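Results of the structural survey
Chain by chain, the residues run as shown.
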Amino acid sequence: MTRPETSHLFYQSRQRRPVLDQARGVYMWDVDGRRYLDGSSGAMVCNIGHSNPRVLEAMRKQMDKSTFGYRLHFETEPAEQLAAKTAGLAPEGLDKVFFVSGGSEAVESAIKLARQNAVAIGEAQRYKVISRTPSYHGCTLGALALTGYAPLTAPFDPMIRPMPKIPAPRAYLDGLDPDDEATGRHYADMLEEKIVAEGPETVLAFVVEPIGGASTGALVPPKGYMKRIREICSRHGVLQIHDEVMSGGGRTGRFFAAEHWDVAPDILVISKGFAAGYAPLGAMVAHSDIVANVLDAGGFLHGFTYAGNPLACAAGLAVLEEIEREHLCANAGETGALLKGELKKLMDRYEIIGDVRGEGLLLAFELVEDRRSMRPLPSELNAYNQLVDIAYENGLIIYSRRTRGGYSGDHFLIAPPMISTAEHVSEIVEGLDKSLRQLLDGMSRQQAKVV
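To start, this report covers the structure provided alongside it.

Conventions used here
Residues numbered from 1 in each chain as written. Predicted model: local features only at pLDDT ≥ 70, side-chain atom pairs only at ≥ 80, totals over all residues. Heavy atoms only, no water. Core = buried A, V, L, I, M, F, W, Y, C linked by side-chain atoms within 4.5 Å. Buried < 20%, exposed > 50% of the residue type's maximum accessible area, 1.4 Å probe, protein only. Helix = DSSP H or I, 4+ residues; strand = E, 2+ residues; numbered from the N terminus. Contact = heavy atoms within 4.5 Å. Pairing = 2+ DSSP bridges. Axes fitted to C-alpha atoms, helices over the stretch in contact; angles between N-to-C directions. Salt bridge = Lys/Arg side-chain N within 4 Å of Asp/Glu carboxyl O.

**Focus: the nonpolar core**
- Core analysis: the biggest nonpolar cluster contains 69 residues, and I353, F365 and L367 have the highest contact counts within it.
- Of all the elements, helix α11 (residues 310-325) adds the most residues to this core, at nine residues.
- Not counting residues within four places of it along the chain, the set of residues in contact with L367 comprises I352, I353, L377, A383, L387, D410, F412, L436 and L439.

**Side note on the pairing of strand β12 (residues 362-367)**
- Extensive coverage of β12 is indicated by the burial of six of its six residues.
- The alternating pattern of β12 places L362, A364 and E366 on one face and L363, F365 and L367 on the opposite face, and all of these are buried.
- Two strands pair when backbone bridges link them, and strand β11 (residues 353-359) and β12 are joined in this way by six bridges, in the antiparallel orientation. By the bridge assignment for β12, D355 is matched with E366.
- Hairpin connection, β11 to β12: the antiparallel pair is bridged by two residues, and G360 has positive phi, about 60 degrees.

**A short note on the sheet that holds strand β15 (residues 410-414)**
- If you walk across this open sheet you meet the four strands as β11-β12-β15-β14, and the pairing is antiparallel. Sheet topology places β11 and β14 (399-401) at the edges, where each strand pairs with a single neighbour. Direction aside, neighbouring strands of the sheet carry axes that sit 20 degrees apart on average.
- In the packing of helix α12 (residues 328-349) onto the sheet, the strands contacted are β11, β12 and β15, and the crossing angle to β11 comes to about 175 degrees.
- Packed onto the sheet, helix α13 (residues 383-393) meets β12, β14 and β15 and runs at close to 35 degrees relative to β15.

**Focus on the pattern of salt bridges**
- Within the structure shown, the criterion is met by 23 salt bridges.
- Here D389 makes a salt bridge to R17, at a shortest N to O gap of 3.0 Å. Here the residue D389 occupies a position in helix α13, and R17 occupies one in the segment before β1 (20-24), the gap between them amounting to 372 residues.
- Exposure remark for R17: the relative accessible area of 31% places this residue in the partly exposed category.
- A salt bridge links R235 to E192; the shortest N-O distance between them is 2.4 Å. Separated by 43 residues along the polypeptide, R235 in helix α9 (residues 225-236) and E192 in helix α8 (residues 181-198) bring together distant segments of the chain.
- Residue R235 is classed as partly exposed on the basis of its relative accessible area of 48%.
- The network of salt bridges with common partners includes R54, E322, R325 and E326.

**Looking at the sheet that holds strand β9 (residues 267-270)**
- A sheet is described by the order of its strands in space; here seven strands give the open sequence β4-β10-β9-β8-β7-β5-β6, paired in mixed fashion. Sheet topology places β4 (94-100) and β6 (165-167) at the edges, where each strand pairs with a single neighbour. On average, each strand axis in the sheet is tilted by 20 degrees relative to the strand beside it, whichever way the strands run.
- For strand β7 (residues 203-208) and strand β8 (residues 239-243), the ladder comprises four bridges, and the chain directions are parallel. Its bridge partner lying in β8, A205 is registered against L239.

Laid out in structure tokens, this is it:
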């Protein structure tokens, strides 16, 4: 297939890309035979790499049996098996699973379950869901109300019920030591202050990414933060929802990122790497007591047509089995540590890199104009787009966002598949090194023109 001059597709913009031909392992090829290293696993999705033969075989077997069974008409073996497997991986007590097709649906399901639980137990005055800024929790209107990223939310503000926000714990921007427990308390106490200010009796839940995603660029919380926010939520009867859409599935070296701090939520959501791009799939995993409250009160007033789709669940089950069989969580931790070390070496060579952060193979680096003050590059440079395009031309796919609430700042997520090796790390770093040099050369030429 050649790329048509006029496309009937549309997404975020008019930008065109080459036509994908095939993908295997960590690599993708366009129809012209050009190879790209998938340094971001798509959108942090393809955790086990592309075209895994065991996953494809599991999907073929399921296709021979059935591709759809509506959840109100049938129970299916893949959905039951995947639910049991997921519950076994989740923290103790979180053993009820509700399948969806993606992260936005999972977050929407979580806040609706939390709300129905409050109504069921006689606390209908609780409806506020506190989140952080910047943050991203999905593109549905309910999930957007939780999102702290103005370019994505502002056009829809008249359609959204505003929800309270607290600052994300970006110690590196605030000049605080992330390894000091006082820093963790500083940011966590903002949650308690917000709960008190809003009226504890009105606060339903707090939603948090244990390790940040696209909006904060793999932000790792400061020491003590995760345990303290758990204590604060429990003290005020506020449900804690962990958004593990991006961080779940083993990418950080643990299947769920919150395992790094041995804390458990009341509800968690997962997608992206859950089925690793082989089928649209996500899940909400909830404490059995919450589900019992809602079902006893008349049932969960929520659902999606493709919930528990047998083909998607067969793919998800095969992905989880592959993660276990190949010890990919451990590999993500080990290879991620190697990659992070190499990114820090790049930081030593390039003054423009102001921070390197993340855990396992969910990593990011941030560009700044001045490392001492962490002043961002001029927003009009659009460095976050420029470097992505340069790297793409060099055969390396990376993922970027604006760091400072969506309007300025430039960070880049480096999150290759969990099957990556030391050789792949070298290839990624070489591509980044070359691309950064080209970015800086281009910036120098732009400045020369201005002068």
